[in-house]
Amino acid sequence: QGLPVLFKHWLKNEEVEEGRTAVLSCELTKPSAHVEWRKGDTVLQTGDKYEIRQEGTRVELLIYDAEAQDA
């Protein structure tokens with residue numbers, strides 16, 4: 001059985017002007033590991049507001065047209 005997936009680089013707080021795109025990213029110890037992005041209890045899905053990208057060990061969440069409620 002393999003080792004657990006861990007964060008190599010944790011998320012950092014990001015500030016962005018309202019209306020801009022916020023980009024949150026983290027790096028994992030294993031490539032292509034399943035990652036869920038959440039806001040509270042809600043699992044975020046790719047759509048008009050959010051885009052989730054994963055390439056190897058790097059995972060990104062893009063929040064389009066950022067608003068104060070996205071904090």
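Cut-offs applied
- Residues numbered from 1 in each chain as written.
- Predicted model: local features only at pLDDT ≥ 70, side-chain atom pairs only at ≥ 80, totals over all residues.
- Heavy atoms only, no water.
- Salt bridge = Lys/Arg side-chain N within 4 Å of Asp/Glu carboxyl O.
- Buried < 20%, exposed > 50% of the residue type's maximum accessible area, 1.4 Å probe, protein only.
- Core = buried A, V, L, I, M, F, W, Y, C linked by side-chain atoms within 4.5 Å.
- Helix = DSSP H or I, 4+ residues; strand = E, 2+ residues; numbered from the N terminus.
- 1 Å grid on protein atoms, 1.4 Å probe; cavity = no way out; pocket = protein on both sides within 12 Å on 5 of 7 lines; lining within 4 Å.
- Points joined across faces, edges and corners; volume = space filled by probe spheres on them.
- Pairing = 2+ DSSP bridges.
- Axes fitted to C-alpha atoms, helices over the stretch in contact; angles between N-to-C directions.

K.L.:
Lay out the pattern of salt bridges with the relevant residues and their values.
P.N.:
Side chains carrying opposite charge are able to pair once their charged atoms draw close together. The tally for this structure, following the rule as stated, stands at 7 salt bridges. Glu 51 serves as the salt-bridge partner of Arg 53, at 3.1 Å between the closest nitrogen and oxygen. A residue is classified by how much of its surface remains accessible, and Arg 53, at 38% relative accessible area, is partly exposed. With relative accessibility at 23%, the residue Glu 51 sits in the partly exposed group. Its salt-bridge partner being Arg 58, residue Glu 60 comes within 3.2 Å of it at the nearest N-O pair. With relative accessibility at 15%, the residue Glu 60 sits in the buried group.

K.L.:
Describe the nonpolar core, naming the residues involved and giving the relevant values.
P.N.:
By size, the foremost hydrophobic cluster in this structure holds 10 residues: Ala 22, Cys 26, Leu 28, Ala 33, Trp 37, Leu 44, Tyr 50, Val 59, Leu 61 and Ile 63. Breaking this core down by element, the ones donating at least two residues are β2 (22–28) and β6 (58–63).

K.L.:
How would you sum up the layout of surface pockets? Please name residues and give values.
P.N.:
A probe as big as a water molecule, rolled over the atoms, marks out the empty space that is left. Taken as a whole, the largest pocket encloses approximately 470 Å³ of empty space. In this structure, the largest pocket is lined by 22 residues; those nearest its centre are Glu 14, Leu 24, Ile 63, Asp 70 and Ala 71. Those elements giving two or more residues to the lining of the largest pocket turn out to be β2, β3 (38–39) and β6.

K.L.:
Outline the sheet that holds β6, listing residues and values.
P.N.:
Strands sit in the order β1-β2-β6-β5 across an open sheet of 4 strands; the sheet is antiparallel. The outermost strands of the open sheet, each flanked by one partner alone, are β1 (7–9) and β5 (50–55). Ignoring strand direction, the axes of neighbouring strands in this sheet form an average angle of 30 degrees. Across 2 bridges, β1 lies against β2 in antiparallel orientation. In the strand pairing of β2, Phe 7 is matched with Leu 28.

Any functional reading would require information beyond the geometric quantities listed.
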